[in-house]
Amino acid sequence: MKAIAVHPAARQTGFAAIPEPDLNSRTSIKIRILEVGVCATDREISRGVFGTPPDGYDFLVLGHESLGEIVEIGADVTVVQPGDLVVAMVRRPCGVDGCVPCAARRQDFCGTGVYAERGIQYLHGFMTEYVVEEESQVVKVPPALRDFAVLAEPLTVAEKALQQVEAVQSRLPWHSDRTALVLGAGPVGLLGAMALRVRGYRTAVFSREPVSDPKAGICAAAGIEYISAADVQDRAEVAKHLGNIDLVYEAAGSSSLAFDMLQYLGSNGVFVLAGAAGHGGAIPIDVDRLMWNMVLKNQVLLGTVNAGKPAFTAAIADLATFDQRFPQAVRRLISRRYAMTDHAQLLEGAAGGIKNVIEITS
Ligand SMILES: [Zn+2]
Ligand SMILES: [Zn+2]
């Protein structure tokens, strides 16, 4: 069976051959992979920044943003059946004694860090023809979402964040006229902005692309404001324009932008960090001002990574809502579909666009 894999030792990415998997338990399902989204994580693994092959392999099959179709089910599978479309979750429990979140199947909050992740560490990913999964690790997708359900995984980042924001804000009687600022207009940022928009937030995306960029057009089509850093250099102006910012969703992975904008978070606001920043040099920040604000304005700074079943379920539901509210905007997030043989230009980053997808089978 054909797969796209990285050999970390050789720092090489290319085709690998792995055996076609069989059902391995009464609750397992066999999935034919239809398509896989490519993101910065895949490119970083390709470059050898991180990524660990499974035991016994010197390569790692890439891909964590999947959409597949069930072709076979075990005898005790109850929720899904052959022909169903599914998206598989990425992380599996660490199995370490005493890891309470993993024991409760909330491995997205794993405390040990030795969890396995499909296409990232210890488990092969989805850039291959078939995978076998436990039924509990997949979420069913309505057929109407076939064209863009591959966006579910990157959307789960925002879904998990928003579920936590909801829990945090249950601390106060929160007003309903809410304003959200999204930092970064990559797929995670744009999908997050859409999730905020359908929850009724006045939502603005702040990013470096000019207003002529297709990303700005997608925002407009979804009722989201777009503020270009090319037009507005003074970040205080962004805050002045929006008024009291109730929520910032940081999806740019820029620490200097994030901590600069933190000073403009409004009263009772939550600032969500979802983009992992590369380690650059130290930057000066006015911590006195930040601490003063955070205390006097009851603010919360919240980091979030990965997603569990509740976020995957919410992502599928939200994709259906996006399809009703702004069907063109959500489809335009997928820039292009590529054949498996084109993987190099995607993984080396030569291909532009917003979300690129590799078609495994059609
Ligand atoms: Zn990704
Ligand atoms: Zn764990």
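Calculation rules
Residues numbered from 1 in each chain as written. Chains lettered and ligands numbered in written order. Predicted model: local features only at pLDDT ≥ 70, side-chain atom pairs only at ≥ 80, totals over all residues. Heavy atoms only, no water. Domains from an automatic or database assignment. Contact = heavy atoms within 4.5 Å. Buried area = accessible area lost by both parts, 1.4 Å probe. Salt bridge = Lys/Arg side-chain N within 4 Å of Asp/Glu carboxyl O. Polar contact = N/O pair within 3.5 Å; in protein donor to acceptor, adjacent residues only side chain to side chain. Pairing = 2+ DSSP bridges. Helix = DSSP H or I, 4+ residues; strand = E, 2+ residues; numbered from the N terminus. Donors = N, O, S within 2.8 Å, 3.2 Å for Na, K, Ca; no water. Buried < 20%, exposed > 50% of the residue type's maximum accessible area, 1.4 Å probe, protein only. Tetrahedral: all angles 85-135°; square planar, octahedral: opposite > 155°, others 65-115°. Axes fitted to C-alpha atoms, helices over the stretch in contact; angles between N-to-C directions.

Another point: the domain arrangement of the protein chain. Segmenting the protein chain into domains produces domain 1 (2-148 + 333-359) and domain 2 (155-303). Each of domain 1 and domain 2 has a C-alpha centre, and these two points are 29 Å apart. With 5 residues of domain 1 in contact, the opposing surface of domain 2 contributes 8 residues. Together, Phe109, Leu333 and Ile354 form the three largest contributors to the area buried by domain 1 at its contact with domain 2, with a combined 78%. Between domain 1 and domain 2 we count 1 salt bridge in total. When the shortest N-O distance is used, the salt bridge between Lys160 and Asp108 registers 3.2 Å. Scanning the region where domain 1 abuts domain 2 turns up 1 residue pair in polar contact (both at pLDDT 80 or more).

With that settled, the discussion passes to the sheet that holds strand S9 (residues 122-123). Spatially, 3 strands are ordered S7-S8-S9 in an open sheet, and the strand pairing comes out mixed. The sheet is open, and its two edges are formed by strand S7 (91-92) and S9, each paired on a single side. Relative to strand S8 (residues 116-118), S7 is paired through 2 bridges, and the arrangement is antiparallel. In the sheet register, Arg92 faces S8, and the bridge partner there is Ala116.

Surrounding the zinc ion (ligand 1) are the protein donor atoms Cys39 (SG), His64 (NE2) and Glu65 (OE), at 2.0 to 2.3 Å. Sequence spacing of the donors to the zinc ion (ligand 1): C-x24-H-E. Accessibility assignment for this pair places His64 and Glu65 in one class, buried.

Angles at a metal have ideal values that depend on geometry: 109.5 degrees with four tetrahedral donors, 90 or 180 degrees with six octahedral donors. Taken together, Cys94 (SG), Cys99 (SG), Cys102 (SG) and Cys110 (SG) make up the protein donors of the zinc ion (ligand 2), found 2.3 to 2.4 Å from the metal. Relative to the metal, the 4 donor atoms surrounding the zinc ion (ligand 2) lie at angles of 105 to 114 degrees, and the coordination shape comes out tetrahedral. Counting the intervening residues between successive donors of the zinc ion (ligand 2) yields the motif C-x4-C-x2-C-x7-C. Highlighted residues: Cys99 in the loop between S7 and helix H2 (100-103) and Cys110 in the loop between H2 and S8, separated in sequence by 11 residues. Accessibility expressed as a relative area gives 6% for Cys99, which makes it buried. Under the relative-accessibility criterion, Cys110 is labelled buried at 14%.

Turning to its location among the elements, Arg91 is positioned in strand S7. On the basis of relative accessible area, Arg91 is assigned to the buried category, the value being 5%. In terms of polar contacts, Arg91 uses its side chain to reach the side chain of Glu117, at 2.8 Å. In this structure, Arg91 is in contact with Gln107, Asp108, Cys110, Tyr115, Ala116, Glu117, Gln137, Val305 and Asn306, ignoring residues within four places of it in sequence.

A few words now on the sheet that holds strand S14 (residues 225-228). Taken in spatial order, the 6 strands line up as S14-S13-S12-S15-S16-S17 in an open sheet, and their pairing is parallel. At either end of the open sheet lies a strand with only one pairing partner, and these are S14 and strand S17 (300-303). Each adjacent strand pair in this sheet contributes to an overall mean axis angle of 20 degrees, direction not counted. The pairing of strand S15 (residues 245-250) with strand S16 (residues 265-273) spans 5 bridges and is classified as parallel. If you follow Glu250 over to S16, its bridge partner there is Leu273.

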